[in-house]
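These are the residues of each chain, in order.
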Amino acid sequence: MTDENKEPHPMSRRFRGFLPVVVDVETGGFNPEKDALLEIAAVILTMDEDGWLRRSETHLQQIDPFEGANLEQSALDFTGIDPWNPEREAVPEREGLSEIFGPIRKAVKEHDCKRAVLVGHNATFDHNFVFAAALRSDIRRNPFHPFSTFDTATLAGLAYGHTVLAQACKLAGIPFSNKEAHSAAYDAEKTADLFCGIVNRWREIGGFPPPSIPDIAE
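Note that the structure is predicted; figures quoted are calculated from it, not measured. (Residues numbered from 1 in each chain as written. Predicted model: local features only at pLDDT ≥ 70, side-chain atom pairs only at ≥ 80, totals over all residues. Heavy atoms only, no water.)

**Side note on the environment of S137**
The following threshold applies: Every helix listed is a DSSP run of H or I at least four residues long, and every strand listed is a run of E at least two residues long, numbered separately from the N terminus. Between buried and exposed lies partly exposed: a residue is buried under 20% and exposed over 50% of the maximum accessible area for its type, with that area taken using a 1.4 Å probe on protein chains only. Residue contacts are counted whenever heavy atoms from the two residues lie within 4.5 Å of one another.
Mapped onto the elements, S137 comes out in the loop between α3 (123–136) and β5 (144–151). For S137, a relative accessible area of 11% gives the class buried. Discounting residues that sit within four places of it in the chain, S137 has contacts with E93, R94 and L97.

**Quick word on helix α6 (residues 184–204)**
This is how it is decided: Between the first and last residue of a helix there are one fewer steps than residues, each counted as 1.5 Å, and that sum is the expected span.
Over its 21 residues, α6 extends 30 Å from the first C-alpha to the last, a length consistent with the 30 Å expected when each residue adds 1.5 Å. One or two positions beyond α6, positive phi appears at G206, with a value near 90 degrees.

**Some points on the pairing of strand β3 (residues 53–62)**
Using the following cut-off: Only when DSSP finds a minimum of two bridges between them are two strands counted as paired.
Note: strand β2 (residues 37–47) against β3, 9 bridges, orientation antiparallel. When the bridges of β3 are listed, A42 appears paired with H59. Linking β2 back to β3 in an antiparallel pair, the connection comprises 5 residues, with G51 at a positive phi of about 95 degrees.

**What to know about helix α4 (residues 152–160)**
Side chains that are three or four residues apart share a direction in an α-helix, a result of its 3.6 residues per turn. In plain terms, the rule: By construction, the arc corresponds to the directions joining the helix axis to the C-beta atoms. What qualifies as a polar contact is a pair of N or O atoms within 3.5 Å, subject to a donor-acceptor requirement within protein and to the restriction that residues adjacent in sequence count only when both atoms come from side chains.
Within α4, the full set of buried residues consists of T152, A153 and A156. Projection of α4 onto a plane perpendicular to its axis shows the buried side chains occupying an angular sector of 100 degrees, all on one side. Exposed side of α4, more than 90 degrees from the buried face: T154 and L158 are the residues found there. In the core, the buried residues of α4 are packed alongside β4 (115–120), β5, α5 (165–171) and α6. The N-capping residue of α4, defined by a side-chain oxygen 3.2 Å from the backbone nitrogen of A153, is D151.

**Overview of the sheet that holds β2**
Selection criterion: Fitted lines through C-alpha atoms give the axes, limited to the stretch in contact for helices. The angle between two N-to-C directions lies from 0 to 180 degrees.
In space, the 5 strands of this open sheet follow the order β3-β2-β1-β4-β5, with mixed pairing throughout. Where the open sheet ends on each side, the last strands, each with one partner, are β3 and β5. Ignoring which end each strand starts from, the neighbouring axes of this sheet average 30 degrees apart. Bridge count between strand β1 (residues 18–27) and β4: 5 bridges; the pairing is parallel. Across the sheet, L19 pairs through a bridge with A116, a residue of β4. Here α6 sits on the sheet in contact with β1, β2, β3, β4 and β5, set at roughly 160 degrees to β3.

**Examining the UniProt feature "active site" (unreviewed entry) in the protein**
Put simply, the test is: UniProt positions are given in the numbering used here, feature names are shortened, and annotations may be inferred rather than shown by experiment.
The sites that carry the UniProt feature "active site" (unreviewed entry) are, in the present numbering, H182. Note that H182 resides in the loop between α5 and α6. Judged by its relative accessible area of 29%, H182 falls in the partly exposed class. For H182, the residues in contact, after removing those within four places along its chain, are E26, F78, T79 and D187.

**Examining the packing of helix α2 (residues 93–110) against α3**
Note the threshold: Each angle is binned into one of four classes, with values under 35 degrees roughly parallel, values over 145 roughly antiparallel, values of 65 to 115 roughly perpendicular, and all other values oblique. Whether a crossing is left-handed or right-handed is set by the direction in which the near helix is turned from the far one by less than a right angle, anticlockwise for left-handed and clockwise for right-handed.
As a packed pair, α2 and α3 sit with axes 9 Å apart at the nearest point and diverge in direction by 120 degrees. One way to sum up the angle between α2 and α3 is to call them oblique. At the point where α2 passes α3, the crossing takes the left-handed sense. Of the residues in α3, those in contact with E93, L97 and F101 of α2 are V130, A133, A134 and R136.

**Section: the packing of aromatic side chains**
Stated formally: Only centres within 6.5 Å qualify two rings of Phe, Tyr or Trp (six-membered ring in Trp) as a pair; their planes then separate them into stacked at under 30 degrees, edge-to-face at over 60, and tilted for everything else. Working rule: Lys NZ or Arg CZ, within 6 Å of ring centre, within 35 degrees of ring normal, means a charge sits over the ring.
Taken as a whole, this structure holds 7 aromatic pairs when the rule is applied. Consider the rings of F15 and F150, whose centres lie 5.5 Å apart with planes at 55 degrees: the pair is tilted. A residue pair is termed long-range when its members are at least 10 positions apart, and F15 in the segment before β1 and F150 in strand β5 qualify at 135 residues. Since its relative accessible area comes to 25%, F150 is described here as partly exposed. Note on F176 and Y186: the rings are 5.6 Å apart at their centroids and 70 degrees apart in plane angle, and the pair reads as edge-to-face. With F176 in the loop between α5 and α6 and Y186 in helix α6, the pair connects residues that are 10 residues apart, well separated along the chain. A residue is classified by how much of its surface remains accessible, and Y186, at 12% relative accessible area, is buried. A cation over a ring is seen here: R14 above F208, with NZ or CZ 3.6 Å from the ring centre. A cation sits over an aromatic face here: R136 above F66, 3.9 Å from the ring centre.

Quick look at the structure:
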């Protein structure tokens, strides 16, 4: 089969041409313009030929606080991150985001999608920090949709009646360690498992694909 006749990747038909990428950030506070981005993880998702969603790749970058960045001690105590620890092997925002964005752009193309859509637990927080850092770094090829997101806190409230990540994971049968939490990679992978579980469960019970208009009329 030639490339011209190749069937599009099933992912391209599932989310209106968007590739869901799960992101978690660890920061020096709550203000994306003033507080430091310290750690970012992105979990790229894929879909098999039968339409089941699963984790594919995890990418992680430790980030140096940008010049003049605010660091709230309460935030550092919460995450346990020492921004100045040389063992973090942190890099400037522009370099770190470029290393995260590159594989995402590649995956978007491989899945025959138009762009990535950020999936996060309380996704607005992660989305705002990613976009603020990209703007500071003058990165113009941001693969993420500028405002659309999938929020697993909302989805978990619908599917499991709980919005806290740890509790939602437990209700979904996903192991969760509070000791490992608040690491960007760990939280992103658990969020990815939660999102995939909800999407796949919706498919299992017949929620997707939706019935056609003629079927509804009948």
